[in-house]
Amino acid sequence: MSASETSPLRQFIRKAVVRTAVGLVGAQAATIGGLVGYDALTKKQRKTRSGFPKPGHYGTDVANSDVDVFTFGADLYDDMLTQIANATHNVFLESFIWKDDEYGQKFLDAINRASERGVDVRVVYDGFGNLVVPNKFYRFHHDVHVYRFPVFRPRLFITPLRASGLTHRKLLIVDDNVAYIGGYNLGSTYATEWRDTHLKVTGPDSWVLRQSFVTVWNTVAAREDQIPRMDPPEWDSRVRCWSNLPMRRVYPIRGMYLQAIDRAKDHIYISTPYFIPDHQILDALIRAQGRGVDVRIMVPMDSNHVLADWGSRGFYVTMLKAGVTLLLYKGAMIHAKTATIDGVWSTVGTANIDRLSLSFNYEVNLEIIDNDLAAVMERVFEVDSSNSHRLTLDEWQARHPLAWVGETALAPLRPLL
């Protein structure tokens, strides 16, 4: 067959491929537009949702450190502000979102006052996460060292993998002895209307979080004002810190989850606001359920990101058919990024179980091997479960046919969510 005879066939195939691609993009655009529009119409009804049960504030000992578990933002913020007010040596603060509201102003005033009295204050916050916050809000004392992760980075054109990633971390370290980590950003909405979880570590194990902040500051933020190294108080600790560092192309949090899931013998309780796992994590959870492990995953019934919700829902049938328990948290946005396994292992941090957190952003999670803390995390999960709807396979398969269309259209976008 000659080239002239095959040319029309090639042209026909090429046109068909292009039309299919355009149709798919058009369907995705229409789906996204419809979901965003519907979400905007219903958002006012969900705006104030503070009636959810509050699991409480718990304290426990882990090795040589004290660990507090906070589950209500106002309690956490008051404790953090007190620590900043009493700081004598240093304050290191890192946040993805920092709102220009009542609580945001309280934190700004507190760190400025600390700097005025001679405390070494370092601040990291994300430019993209705060695009809607006026720059004039961030009026720091002249001695505060500040790094704002830029929205646009020229290095993206040269080293896109190393220059990518937002700082999605939420850390506070005070006087090299007290450290906070968890899902809470800084803002009044998070103080009373969201269900989240944060840890406070007091004692030698706070070093791992200090070191995580120092690594990002000295690697990404600082030019000349490097933070000096502080040696760890002990070598063998039951508290470990895992930090995703795109600058170094290091993403250990995903591996932490995979190893813990593979070790599970009895139960796995996970709370995450956005559940869009890669195939390895999904398969690990399904294998665990298949060998008799009680796998429970808690997500918001409706989160603050409608596209993430629909990206997540595309996995529901697979998980429900495998026997995984899906719990949909009602009446509030649950933003906690936690897991506990077998009454022994727990993690609390900033990473969601999605592609952005596990393979793109700057994140940090604590991994703690401790029965007492695991018991606390199970108690918190139990309280949250009492405010959740347990989804069944029959119920989910009976959803409206348009839901199936939306999930299918958005499936190719999961790696971006």
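Predicted model, so just to flag it, every value in this text is computed and none were measured.

Caption draft 1: The arrangement of the overall build of the protein in detail. For the protein, the helix and strand inventory stands at 14 helices and 18 strands. Among the 417 residues that make up the protein, the fraction classed as buried is 54%. Considering only residue pairs separated by 6 or more positions, the protein has 78% of its internal contacts joining residues 24 or more positions apart.

Caption draft 2: View of the layout of surface pockets. Taken as a whole, the second largest pocket holds about 500 Å³ of empty space. Taken together, 21 residues line the second largest pocket, and the ones lying closest to its centre are Trp207, Val208, Gln211, Arg240 and Cys241. Of all the elements in the fold, those that place two or more residues in the lining of the second largest pocket are α6 (207-221) and β10 (239-244). When its residues are assigned to classes, the lining of the second largest pocket shows 11 nonpolar, five polar and five charged.

Caption draft 3: The arrangement of the packing of aromatic side chains in detail. A complete count under the given rule lists 18 aromatic pairs for this structure. Taking 4.9 Å as the distance between ring centres and 80 degrees as the angle between the ring planes, the aromatic pair formed by Tyr190 and Trp194 counts as edge-to-face. In this structure, Lys54 is placed above the aromatic ring of Phe52, and the distance from its NZ or CZ to the ring centre is 5.1 Å. A cation over an aromatic ring shows up here: Lys106 above the ring of Tyr103, its NZ or CZ 4.5 Å from the ring centre.

Caption draft 4: Structural context of the pattern of salt bridges. With the rule as written, the count across this model stands at 12 salt bridges. Residue Asp262 is joined to Arg287 by a salt bridge in which the shortest nitrogen-to-oxygen separation is 3.5 Å. Here the residue Asp262 occupies a position in helix α7 (residues 252-263), and Arg287 occupies one in helix α8 (residues 279-290), the gap between them amounting to 25 residues. With its nearest N and O atoms 2.8 Å apart, the salt bridge here joins Arg296 to Asp294. For Arg296, a relative accessible area of 28% puts it in the partly exposed group.

Rules of the game
Residues numbered from 1 in each chain as written. Predicted model: local features only at pLDDT ≥ 70, side-chain atom pairs only at ≥ 80, totals over all residues. Heavy atoms only, no water. Helix = DSSP H or I, 4+ residues; strand = E, 2+ residues; numbered from the N terminus. Buried < 20%, exposed > 50% of the residue type's maximum accessible area, 1.4 Å probe, protein only. Contact = heavy atoms within 4.5 Å. 1 Å grid on protein atoms, 1.4 Å probe; cavity = no way out; pocket = protein on both sides within 12 Å on 5 of 7 lines; lining within 4 Å. Points joined across faces, edges and corners; volume = space filled by probe spheres on them. Nonpolar A, V, L, I, M, F, W, Y, C, P; charged D, E, K, R; others polar. Phe/Tyr/Trp six-rings, centres within 6.5 Å; stacked < 30°, edge-to-face > 60°. Lys NZ or Arg CZ within 6 Å of the ring centre and 35° of its normal. Salt bridge = Lys/Arg side-chain N within 4 Å of Asp/Glu carboxyl O.

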